[in-house]
Amino acid sequence: LMDSTGVAIYTWQSDYTPGNSVYLLENGNVLRTGGLRSGSFDAGGAGGIVQEIAPDSSVVWEFQYASSRVQQHHDIEQMPNGNILMIAWESKTKVEAIAAGRDPNLLGDGELWPDHVIEIDPASNEIVWEWHVWDHLIQDYDATKPNFGVIAEHPELIDLNHTNRQAGADWNHVN
């Protein structure tokens, strides 16, 4: 943090490379994402750890969300109640994607990474709410699947096969 003359007032140190977002909090701490790669999600924007760091660089709070199945990425948001919203990918295998009605010709990477949003309570480090793209799908490719339908009649749902090319795993990329 610099003053109006360009003199550094605070520098926050971390053991993790910077992620894609950082916020100065009213208490003088920063809330930031950091790179904690799981190895499963190798894409731009991958984070994996969120930290609140005091001006003396002490870690006040941190939450890791990176594994072979999930990866926090891009942005976060502190809510008025102090909880933290995070965007993340979740891994769906080729078998899971096809079972949900994905056209196999659109599985260029052999898997999908649909997004989800989680809300973390920093007091307990527990997920207190979550929303998954995967729970709101429609498709018109495979009539044998329960989410088959007329896409235009369901603007509240997400077309699992919406693309005009062979899509990568990072298929809907929220950020």
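This text follows the structure it describes.
These remarks concern the structure in this document. Everything numeric here is computed off the predicted structure, so don't read it as measured data.

A word on the sheet that holds strand β2 (residues 30-35). Taken together, 4 strands build an open sheet; the order of strands is β1-β2-β3-β4 and the sheet is antiparallel. The open sheet has two free edges, formed respectively by β1 (18-24) and β4 (59-64), since each of these has just one partner strand. Averaged over all neighbouring strand pairs, the angle between strand axes comes to 15°, with direction disregarded.

This part takes up a nonpolar patch on the surface. A surface patch of nonpolar side chains, amounting to about 370 Å² of accessible area, comprises Leu1, Ile9, Tyr10 and Leu24. Looking at the secondary structure, you find Leu1 in the segment before β1. Residue Leu1 is classed as partly exposed on the basis of its relative accessible area, which comes to 43%.

A few words on the environment of Asp142. Along the polypeptide, Asp142 turns up in the loop between β11 (137-138) and β12 (158-159). Judged by relative accessible area, which is 19%, Asp142 ranks as buried. Note: C-alpha distance between Asp142 and Gly39 (103 residues apart in sequence) is 32 Å. Discounting residues that sit within four places of it in the chain, Asp142 has contacts with Gly101 and Phe148.

Definitions and limits used
- Residues numbered from 1 in each chain as written.
- Predicted model: local features only at pLDDT ≥ 70, side-chain atom pairs only at ≥ 80, totals over all residues.
- Heavy atoms only, no water.
- Pairing = 2+ DSSP bridges.
- Helix = DSSP H or I, 4+ residues; strand = E, 2+ residues; numbered from the N terminus.
- Axes fitted to C-alpha atoms, helices over the stretch in contact; angles between N-to-C directions.
- Patch = residues over 30% accessible without salt bridge, like charges linked within 9 Å, V, L, I, M, F, W, Y side chains within 5 Å.
- Areas by Shrake-Rupley, 256 points an atom, 1.4 Å probe, with all protein chains shown as cover.
- Salt bridge = Lys/Arg side-chain N within 4 Å of Asp/Glu carboxyl O.
- Buried < 20%, exposed > 50% of the residue type's maximum accessible area, 1.4 Å probe, protein only.
- Contact = heavy atoms within 4.5 Å.

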